[in-house]
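Topology and contacts: notes
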Amino acid sequence: DAGVIQSPRHEVTEMGQEVTLRCKPISGHNSLFWYRQTMMRGLELLIYFNNNVPIDDSGMPEDRFSAKMPNASFSTLKIQPSEPRDSAVYFCASSFGGLASIAYSYEQYFGPGTRLTVT
Amino acid sequence: QQQVKQSPQSLIVQKGGISIINCAYENTAFDYFPWYQQFPGKGPALLIAIRPDVSEKKEGRFTISFNKSAKQFSLHIMDSQPGDSATYFCAAMRSGGSTLGRLYFGRGTQLTVWP
(Lines give C-alpha, C1' and ligand atoms only; values in the text may rest on other atoms or scores of the structure.)
Protein backbone atom coordinates (compact mmCIF):
# COMPACT_ATOMS: atom_id res chain seq x y z
CA ASP A 1 0.00 0.00 0.00
CA ALA A 2 1.36 3.42 -0.98
CA GLY A 3 -0.07 5.13 2.09
CA VAL A 4 -1.61 8.58 2.04
CA ILE A 5 -0.30 10.59 -0.89
CA GLN A 6 -0.01 14.36 -0.79
CA SER A 7 1.05 16.79 -3.48
CA PRO A 8 2.91 18.95 -3.87
CA ARG A 9 5.47 18.23 -1.14
CA HIS A 10 6.68 21.81 -1.17
CA GLU A 11 4.93 24.94 -2.37
CA VAL A 12 6.31 28.45 -2.43
CA THR A 13 3.94 31.16 -3.53
CA GLU A 14 3.45 34.89 -3.29
CA MET A 15 0.89 36.55 -1.10
CA GLY A 16 -2.47 36.83 -2.86
CA GLN A 17 -2.03 33.75 -5.02
CA GLU A 18 -4.32 30.73 -4.95
CA VAL A 19 -2.87 27.54 -3.50
CA THR A 20 -4.33 24.06 -3.94
CA LEU A 21 -3.12 21.12 -1.88
CA ARG A 22 -4.08 17.60 -2.89
CA CYS A 23 -4.56 14.36 -1.02
CA LYS A 24 -5.21 10.77 -1.98
CA PRO A 25 -6.28 8.70 1.05
CA ILE A 26 -5.55 5.04 1.56
CA SER A 27 -7.86 2.89 -0.53
CA GLY A 28 -10.82 1.66 1.50
CA HIS A 29 -10.57 4.41 4.10
CA ASN A 30 -13.69 6.51 4.44
CA SER A 31 -12.63 9.28 6.81
CA LEU A 32 -10.25 12.04 5.75
CA PHE A 33 -8.72 14.76 7.88
CA TRP A 34 -6.83 17.95 7.00
CA TYR A 35 -4.39 19.29 9.62
CA ARG A 36 -2.10 22.30 9.79
CA GLN A 37 1.12 22.19 11.84
CA THR A 38 3.04 25.24 13.03
CA MET A 39 5.49 25.82 15.84
CA MET A 40 3.16 28.34 17.47
CA ARG A 41 -0.10 26.38 17.33
CA GLY A 42 0.99 22.76 17.06
CA LEU A 43 -1.18 20.31 15.11
CA GLU A 44 -4.59 21.82 14.31
CA LEU A 45 -7.50 19.99 12.72
CA LEU A 46 -8.92 22.11 9.91
CA ILE A 47 -11.72 19.93 8.54
CA TYR A 48 -12.68 16.30 8.27
CA PHE A 49 -14.88 14.23 6.01
CA ASN A 50 -16.69 10.94 6.45
CA ASN A 51 -17.89 9.14 3.33
CA ASN A 52 -17.00 12.28 1.32
CA VAL A 53 -19.27 14.49 3.44
CA PRO A 54 -17.76 17.32 5.51
CA ILE A 55 -18.48 16.61 9.19
CA ASP A 56 -16.79 19.48 10.98
CA ASP A 57 -15.12 22.48 9.39
CA SER A 58 -14.95 24.57 12.54
CA GLY A 59 -11.16 24.50 12.40
CA MET A 60 -10.99 26.25 9.04
CA PRO A 61 -9.43 29.59 9.94
CA GLU A 62 -11.47 31.79 7.64
CA ASP A 63 -13.34 31.98 4.37
CA ARG A 64 -10.10 32.01 2.43
CA PHE A 65 -9.85 28.29 3.15
CA SER A 66 -12.05 25.72 1.45
CA ALA A 67 -11.91 21.93 1.13
CA LYS A 68 -13.63 19.45 -1.12
CA MET A 69 -13.83 15.71 -1.41
CA PRO A 70 -15.47 14.91 -4.76
CA ASN A 71 -14.92 11.17 -4.37
CA ALA A 72 -13.49 8.61 -1.98
CA SER A 73 -10.00 8.79 -3.45
CA PHE A 74 -9.33 12.50 -3.70
CA SER A 75 -9.52 15.67 -1.63
CA THR A 76 -8.29 19.23 -2.04
CA LEU A 77 -7.58 22.07 0.34
CA LYS A 78 -7.60 25.47 -1.30
CA ILE A 79 -6.39 28.80 0.04
CA GLN A 80 -7.46 31.88 -1.88
CA PRO A 81 -5.96 34.42 -1.47
CA SER A 82 -2.94 33.13 0.42
CA GLU A 83 -1.24 35.18 3.14
CA PRO A 84 2.19 34.83 4.82
CA ARG A 85 0.52 33.64 8.04
CA ASP A 86 -0.73 30.59 6.13
CA SER A 87 2.85 29.31 5.95
CA ALA A 88 2.84 25.90 7.64
CA VAL A 89 3.01 22.18 6.99
CA TYR A 90 -0.36 20.81 5.93
CA PHE A 91 -1.09 17.15 6.58
CA CYS A 92 -3.80 14.92 5.24
CA ALA A 93 -4.74 11.78 7.19
CA SER A 94 -7.18 8.99 6.55
CA SER A 95 -8.82 6.28 8.61
CA PHE A 96 -11.53 3.64 8.36
CA GLY A 97 -14.83 3.77 10.13
CA GLY A 98 -17.82 5.91 10.88
CA LEU A 99 -21.45 5.72 11.86
CA ALA A 100 -22.27 3.12 9.23
CA SER A 101 -19.30 0.93 10.01
CA ILE A 102 -19.45 -2.17 12.15
CA ALA A 103 -15.81 -1.91 13.04
CA TYR A 104 -13.66 1.15 13.50
CA SER A 105 -9.92 1.29 13.24
CA TYR A 106 -9.39 4.60 15.08
CA GLU A 107 -5.82 4.82 13.75
CA GLN A 108 -5.22 7.80 11.50
CA TYR A 109 -2.60 7.39 8.80
CA PHE A 110 -0.85 10.62 7.96
CA GLY A 111 0.64 11.63 4.64
CA PRO A 112 4.11 13.16 4.35
CA GLY A 113 2.71 16.70 4.39
CA THR A 114 2.95 19.74 2.14
CA ARG A 115 5.27 22.49 3.32
CA LEU A 116 3.69 25.78 2.24
CA THR A 117 5.63 29.01 2.23
CA VAL A 118 3.82 32.23 1.37
CA THR A 119 6.11 35.21 0.75
CA GLN B 1 -9.67 25.61 24.10
CA GLN B 2 -7.06 22.89 24.29
CA GLN B 3 -8.90 19.62 24.96
CA VAL B 4 -5.68 17.76 25.76
CA LYS B 5 -2.81 19.40 27.64
CA GLN B 6 0.67 17.96 27.19
CA SER B 7 3.92 18.53 29.07
CA PRO B 8 6.79 19.09 28.90
CA GLN B 9 7.19 20.98 25.63
CA SER B 10 10.72 19.64 25.25
CA LEU B 11 12.71 16.92 26.94
CA ILE B 12 16.38 16.00 26.88
CA VAL B 13 17.35 12.55 28.11
CA GLN B 14 20.61 10.63 28.25
CA LYS B 15 20.85 7.41 26.29
CA GLY B 16 19.59 4.56 28.44
CA GLY B 17 17.45 6.85 30.58
CA ILE B 18 13.68 6.97 30.99
CA SER B 19 11.64 9.55 29.08
CA ILE B 20 8.30 10.54 30.57
CA ILE B 21 5.69 12.67 28.84
CA ASN B 22 2.43 13.60 30.53
CA CYS B 23 -1.03 14.49 29.26
CA ALA B 24 -4.27 15.56 30.89
CA TYR B 25 -7.80 15.84 29.56
CA GLU B 26 -11.14 17.18 30.78
CA ASN B 27 -13.79 15.47 28.64
CA THR B 28 -14.82 12.27 30.41
CA ALA B 29 -16.44 11.07 27.19
CA PHE B 30 -13.00 10.39 25.71
CA ASP B 31 -12.40 6.64 25.53
CA TYR B 32 -9.38 6.16 23.31
CA PHE B 33 -5.94 7.60 24.01
CA PRO B 34 -3.21 7.17 21.40
CA TRP B 35 0.33 8.46 21.22
CA TYR B 36 1.78 9.51 17.89
CA GLN B 37 5.46 9.81 17.00
CA GLN B 38 6.72 12.25 14.40
CA PHE B 39 10.20 12.34 12.89
CA PRO B 40 11.46 15.49 11.11
CA GLY B 41 10.01 15.82 7.65
CA LYS B 42 7.46 13.06 8.21
CA GLY B 43 3.84 12.87 9.21
CA PRO B 44 2.88 11.61 12.69
CA ALA B 45 2.49 7.85 13.03
CA LEU B 46 0.66 5.84 15.67
CA LEU B 47 3.04 4.52 18.33
CA ILE B 48 0.81 2.99 21.00
CA ALA B 49 -2.75 3.46 22.25
CA ILE B 50 -4.85 2.60 25.30
CA ARG B 51 -8.51 2.31 26.23
CA PRO B 52 -9.63 3.38 29.73
CA ASP B 53 -10.55 -0.13 30.83
CA VAL B 54 -6.88 -0.82 31.58
CA SER B 55 -4.38 1.20 33.60
CA GLU B 56 -1.28 0.28 31.66
CA LYS B 57 -0.25 -0.94 28.24
CA LYS B 58 3.25 -1.95 27.28
CA GLU B 59 4.76 -2.50 23.84
CA GLY B 60 8.47 -3.11 23.92
CA ARG B 61 10.18 -0.13 25.51
CA PHE B 62 7.05 2.02 25.33
CA THR B 63 4.43 2.04 28.10
CA ILE B 64 1.26 4.06 28.54
CA SER B 65 0.08 4.61 32.10
CA PHE B 66 -3.53 5.70 32.47
CA ASN B 67 -5.20 7.24 35.52
CA LYS B 68 -8.91 7.53 34.84
CA SER B 69 -9.82 9.26 38.12
CA ALA B 70 -7.16 11.92 37.60
CA LYS B 71 -7.92 12.16 33.86
CA GLN B 72 -4.24 11.82 33.09
CA PHE B 73 -2.11 9.52 30.99
CA SER B 74 1.57 9.34 30.30
CA LEU B 75 4.09 7.79 27.95
CA HIS B 76 7.19 6.16 29.37
CA ILE B 77 10.10 5.28 27.11
CA MET B 78 12.47 2.90 28.85
CA ASP B 79 16.14 2.62 27.85
CA SER B 80 15.77 5.69 25.61
CA GLN B 81 17.84 5.58 22.41
CA PRO B 82 19.04 8.32 20.04
CA GLY B 83 16.67 6.87 17.45
CA ASP B 84 13.76 7.78 19.75
CA SER B 85 14.52 11.47 19.20
CA ALA B 86 11.29 12.79 17.71
CA THR B 87 8.20 14.79 18.54
CA TYR B 88 5.56 12.90 20.52
CA PHE B 89 1.88 13.81 20.53
CA CYS B 90 -0.72 12.50 22.90
CA ALA B 91 -4.31 12.53 21.72
CA ALA B 92 -7.81 11.64 22.82
CA MET B 93 -10.94 10.53 21.03
CA ARG B 94 -14.57 9.85 21.77
CA SER B 95 -15.22 6.71 19.77
CA GLY B 96 -18.99 7.02 19.68
CA GLY B 97 -21.35 9.81 18.82
CA SER B 98 -21.12 12.28 16.00
CA THR B 99 -17.41 13.04 16.21
CA LEU B 100 -16.65 10.10 13.93
CA GLY B 101 -13.07 9.47 14.89
CA ARG B 102 -11.89 13.00 15.50
CA LEU B 103 -8.62 13.09 17.46
CA TYR B 104 -7.83 15.94 19.85
CA PHE B 105 -4.06 16.34 19.93
CA GLY B 106 -1.78 17.75 22.61
CA ARG B 107 0.76 20.40 21.60
CA GLY B 108 3.61 17.91 21.33
CA THR B 109 6.87 17.15 23.15
CA GLN B 110 10.18 17.34 21.36
CA LEU B 111 12.36 14.56 22.74
CA THR B 112 16.13 14.56 22.28
CA VAL B 113 18.13 11.56 23.42
CA TRP B 114 21.86 12.24 23.76
CA PRO B 115 24.23 9.36 23.00
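Refer to the structure printed above.
Scope of this entry: the structure provided in the associated data block. (Residues numbered from 1 in each chain as written. Chains lettered and ligands numbered in written order. Predicted model: local features only at pLDDT ≥ 70, side-chain atom pairs only at ≥ 80, totals over all residues. Heavy atoms only, no water.)

Taken together, the contact pairs 26 residues of chain A with 21 residues of chain B. With both sides pooled, the region where chain A packs onto chain B buries about 1800 Å², and carbon together with sulfur makes up 57% of that total. For the pair chain A and chain B, the number of links is one salt bridge. Measuring nitrogen to oxygen at the nearest pair gives 3.0 Å for the salt bridge that ties B:Arg102 to A:Asp56. On the surface where chain A and chain B come into contact, there are four residue pairs in polar contact (both at pLDDT 80 or more). Counting residues per element, the ones that place at least two in the side of chain A that touches chain B are β4 (31–38), β5 (42–50) and β6 (53–56) of chain A. Classifying every residue of the side of chain A that touches chain B by side-chain character gives 14 nonpolar, eight polar and four charged. (Contact = heavy atoms within 4.5 Å. Buried area = accessible area lost by both parts, 1.4 Å probe. Salt bridge = Lys/Arg side-chain N within 4 Å of Asp/Glu carboxyl O. Polar contact = N/O pair within 3.5 Å; in protein donor to acceptor, adjacent residues only side chain to side chain. Helix = DSSP H or I, 4+ residues; strand = E, 2+ residues; numbered from the N terminus. Nonpolar A, V, L, I, M, F, W, Y, C, P; charged D, E, K, R; others polar.)

The next subject is the sheet that holds strand β3 (residues 19–25) of chain B. Residues and elements named next belong to chain B. Taken in spatial order, the five strands make up an open sheet running β1-β3-β8-β7-β6, and their pairing is antiparallel. Either end of the sheet is taken by a strand with one partner, and the two such strands are β1 (4–7) and β6 (56–59). Taking each pair of neighbouring strands and ignoring which way they run, the sheet shows an average axis angle of 15°. Looking at chain direction, β6 and strand β7 (residues 62–67) are connected through four bridges and run antiparallel. (Pairing = 2+ DSSP bridges. Axes fitted to C-alpha atoms, helices over the stretch in contact; angles between N-to-C directions.)

Residue and element names in this part refer to chain B. In this fold, Asp31 is placed in the loop between β3 and β4 (33–38). For Asp31, a relative accessible area of 18% puts it in the buried group. Leaving out residues up to four positions away in the same chain, Asp31 has contacts with Arg51, Pro52, Met93, Arg94 and Ser95. (Buried < 20%, exposed > 50% of the residue type's maximum accessible area, 1.4 Å probe, protein only.)

Turning our attention to the pattern of salt bridges. The final tally for this structure, using the stated rule, is 13 salt bridges over all chains. Across the pair A:Glu83 and A:Arg64 runs a salt bridge, and its minimum N-O distance is 3.6 Å. Pair noted here: A:Glu83 is in the loop between β8 (74–79) and β9 (88–95) and A:Arg64 is in the loop between β6 and β7 (65–71), with a separation of 19 residues, a long-range link. Look at A:Glu83 and you get partly exposed, because its relative accessible area is 23%. Taking relative accessible area as the criterion, A:Arg64 reaches 9% and is therefore assigned buried. Ionic pairing is found between B:Lys71 and B:Glu26, a salt bridge with its closest N-O pair at 3.4 Å. Note that B:Lys71 is positioned in the loop between β7 and β8 (72–77) and B:Glu26 in the loop between β3 and β4, a separation of 45 residues in sequence. Residues joined in a network through salt bridges with shared partners are A:Glu62, A:Arg64, A:Glu83, A:Arg85 and A:Asp86.

Let us now look at the state of the cysteines. Residues and elements named next belong to chain A. Within this structure, the stated rule accounts for two disulfides over all chains. Each disulfide pairs two cysteine sulfurs, and for Cys23 the partner residue is Cys92, the sulfurs being separated by 1.9 Å. A torsion of -65° about the S-S bond marks the disulfide between Cys23 and Cys92 as left-handed. Within this pair, whereas Cys23 is found in strand β3 (residues 19–24), its partner Cys92 is found in strand β9, the two being separated by 69 residues in sequence. Residues Cys23 and Cys92 agree in their burial class; the two are buried. (Disulfide = S-S within 2.5 Å.)

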